[in-house]
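Observations on the model geometry
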Amino acid sequence: MTTPLVIKLGGRVLTDAAALNALFSTVHKLAALRPLVLVHGGGDQVQDLLQRLGEVSTKTAGQRVTPAGHMPIVAGVLAGDVNSQLCAVAQQHGLKSVGLTLQAGETLICAVDTSRGAVGIPTPNSSKLLQLLIDSDYLPILSSIGVSADGQRLNVNADLAAAAVAQVLHADLILLTDVAGILDRDGLLIDSINATQAPQLISDGVVRDGMVVKLNAALQAAQHSRRSIAVAGWQDANALTRLAKGEAAGTRIRY
Ligand code: ADP
Ligand code: MG
């Protein structure tokens, strides 16, 4: 059987209707060639609603600190609003989308990142549900809401979630974000990053914020799968087409 492909989308893609449509046209074409699973975040949307409700939200090393009291908002935005919007767009493009969380089918199990509150560190657990769905031509779309072994709902960074989902399915992984890839000090695209260069780029302050966790997630996924992982932009639908064909686009993270 063909290797499945996990595609991670930053939630910001929903703010660009043209890019969103182009992207899902590409996803529709790819879905005819190989099993696909989408994983998404939605940090901006979470931030917006928290702010409108007068809540203060902070991040450490690119990951949101989530007091337990924020979980109804975080889960509402990610598993509710953003997930259902993406499912609707997918369906408009002829895809049989199914909205899920990381907990569905116990796909991932999460440890609690106590330093950040109700934040989960995901580990791969079961491929059964996703396999069942992709075997029947459904497109699973997972929001990055997880659950701990003792039933606590958790906010999970979507790059870490996507890497764990790819691991559970022995799938390829593409991380699509709002920039063309990982950029150097001068703002130029870096073609490829290896395991020695990655920590260097982070300690030099070239890779910051959300890109730190993305680069680390990609590196871990590359090392685990013994395949390189791409970080590319969702603005350019061609990038996804090229990557799916095994051609270069964005930044390749090598193990
Ligand atoms: P996503 O929702 O795709 O995970 P994030 O905001 O978490 O988005 O991470 C992507 C962001 O990382 C970029 O929009 C950019 O602001 C930031 N960033 C920090 N360092 C870099 C870098 N070296 N190259 C590209 N983006 C970077
Ligand atoms: Mg991010």
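Residues numbered from 1 in each chain as written. Chains lettered and ligands numbered in written order. Predicted model: local features only at pLDDT ≥ 70, side-chain atom pairs only at ≥ 80, totals over all residues. Heavy atoms only, no water.

Moving on: the UniProt feature "site: Transition state stabilizer" (unreviewed entry) in the protein chain. Within the UniProt annotation, "site: Transition state stabilizer" (unreviewed entry) is assigned to Lys8 and Lys214. Taking the farthest pair of C-alpha atoms as the criterion, the annotated set spanning 207 residues converges on one region, since that pair is 10.5 Å apart. Considering only the annotated residues already named, the ones lining the largest pocket are Lys8 and Lys214. Mapped onto the elements, Lys8 comes out in strand 1 (residues 5-9). Looking at Lys8, the relative accessible area reads 6%, which means it is buried. Not counting the four nearest positions on each side in its chain, Lys8 is found in contact with Val39, Gly41, Ala158, Asp159, Ala162, Ile174, Leu175, Leu176 and Lys214. Of the polar contacts made by the side chain of Lys8, one reaches the side chain of Asp159; its length is 3.0 Å. Inspection of the secondary structure puts Lys214 in helix 7 (residues 210-225). Take Lys214: its relative accessible area is 5%, and that puts it in the buried class. Excluding anything up to four places from it in sequence, Lys214 contacts Lys8, Asp159, Leu175, Thr177 and Val231. (UniProt positions renumbered as here; feature names shortened; annotations may be inferred. 1 Å grid on protein atoms, 1.4 Å probe; cavity = no way out; pocket = protein on both sides within 12 Å on 5 of 7 lines; lining within 4 Å. Helix = DSSP H or I, 4+ residues; strand = E, 2+ residues; numbered from the N terminus. Buried < 20%, exposed > 50% of the residue type's maximum accessible area, 1.4 Å probe, protein only. Contact = heavy atoms within 4.5 Å. Polar contact = N/O pair within 3.5 Å; in protein donor to acceptor, adjacent residues only side chain to side chain.)

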